[in-house]
Amino acid sequence: MANTVFPTKGNLIAVKKSLELAKLGYDLLDRKRNILIREMMLLMEKAKALHGEVETTYQEAYLALQRANITLGVIEDIARATSIENGIHIAYRSVMGVDIPEVTLESTTTDAQYGFYSANSQFDLAYLSFNRAKRLTVILAEVENSVYRLADAIKKTQRRANALKNINIPRFEATVKFISDALEEKEREEFSRLKVIRYTKEKQSS
């Protein structure tokens, strides 16, 4: 770029302005990247805790279901009578321009979808455990999707910041130096030319 820009004061002012904007853009991108990383780290800690809680809840639920099957026989009829959950809703919030999902669960199923006569305490425990696992899974899906979106945004932001830092800013700096050096050389030539002209005039008048 330095060799394709004509060395004028107007171009020097324009390139200096572009350099300032590039540096400002880099600072903003670096700040954005740090905020996104901080947000992602918090969510990763939350996801780690949720993973353990979800795993424990599912283990408890399947163990209780196994015991219920042993004591009641295979409870296929109750399972078929259980309605499908359709109460999941997704909205979005913005974090530095990144859309982060907010998943909510407003249950569309009734609290108890089976008769107490056909179940026992183990089945009750299984039902409650699976219901809790369902809610935890919704939260975990929100957190993990948020982490993925933030990680992708951080990668893109880092790539743009690197382009400014390693390509655009050095190129603008080189162009400023090229134009400045060329203008200084031109000023020296002009000064020398004026000096020769003045010397010639003084010599002719004497």
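Note: the structure precedes this text.
The structure contained in this document is the topic of the report that follows. Every chain's residues receive numbers from 1 upward, in the order its sequence appears when written. Thresholds applied to this predicted model are a pLDDT of at least 70 for local features of residues and 80 or more for the giving and counting of side-chain atom pairs; totals over whole chains, interfaces and linings are not thresholded and use all residues. To get the side-chain values, all heavy atoms of the structure are used, and hydrogens and water are removed first.

1. What to know about the overall build of the protein chain
Labels follow the DSSP assignment, with helices taken as runs of H or I lasting at least four residues and strands as runs of E lasting at least two, numbered in each case from the N terminus. For the protein chain, the count of helices and strands is three helices and two strands. Listed N to C, the secondary structure of the protein chain is α-α-β-β-α in terms of helices and strands. Relative accessible area decides the class of each residue, using a 1.4 Å probe on protein chains only: under 20% of the type maximum gives buried, over 50% gives exposed, and in between gives partly exposed. Looking at the 206 residues of the protein chain, the share that counts as buried comes to 29%. Between two residues, a contact is recorded if the distance between any of their heavy atoms is within 4.5 Å. In the protein chain, of all internal contacts separated by at least 6 residues, the share reaching a separation of at least 24 is 78%.

2. Considering the pairing of strand β2 (residues 98–105)
Two strands form a pair only when DSSP identifies at least two bridges running between them. Pairing between strand β1 (residues 88–95) and β2: eight bridges, direction antiparallel. By the bridge assignment, H89 is partnered in β2 with T104. Between the antiparallel neighbours β1 and β2 lie two residues, among them M96 with a positive phi of about 55°.

3. Here we look at the environment of Q122
Along the polypeptide, Q122 turns up in helix α3 (residues 121–205). Among the residues examined, Q122 registers a relative accessible area of 21% and is labelled partly exposed. A sequence separation of 58 residues divides Q122 from A64, and the C-alpha atoms of the two residues are 5.3 Å apart. Every residue in contact with Q122, bar those within four places of it in the chain, is listed here: A64, R67 and A68.

4. Side note on unusual backbone geometry
Unlike most non-glycine residues, M96 shows phi in positive territory, near 55°. In this fold, M96 is placed in the loop between β1 and β2.

5. Considerations on the side chain of T157
By the element assignment, T157 lies in helix α3. When neighbours within four sequence positions are excluded, T157 is seen to be in contact with L29, K32, R33 and L36.

6. Points about the nonpolar core
In these notes, a set of buried Ala, Val, Leu, Ile, Met, Phe, Trp, Tyr and Cys residues joined through side-chain atoms within 4.5 Å is what counts as a nonpolar core. In terms of nonpolar packing, the biggest core is built from 16 residues, with L36, V98, V143 and L150 touching the most fellow members. For this core, the secondary structure elements donating two or more residues are α1 (9–72), β2 and α3. Counting residues per element, this core draws most heavily on α3, at seven residues. When near neighbours in sequence (up to four residues on either side) are disregarded, V98 contacts L36, R93, R149, L150 and A153. One finds V5, A22, A161 and F172 within the second-largest nonpolar core, a separate group that totals 13 residues.

7. Remarks on the pattern of salt bridges
Any carboxyl oxygen of Asp or Glu within 4 Å of a side-chain nitrogen of Lys or Arg constitutes a salt bridge here. Tallying each qualifying case throughout the model produces seven salt bridges. Here E39 ties to R93 by a salt bridge, and the two come within 3.3 Å at their closest N and O atoms. Remark: R93 occurs in strand β1 and E39 occurs in helix α1; sequence separation between them is 54 residues. Note that K177 and D181 form a salt bridge whose closest N and O atoms lie 2.9 Å from each other. Of this pair, K177 and D181 both sit in helix α3, separated by four residues, roughly a single helical turn. D181 gets classed as partly exposed once you look at its relative accessible area, which sits at 34%. Within the structure, one salt-bridge network assembled from shared partners comprises E39, R93 and E102.

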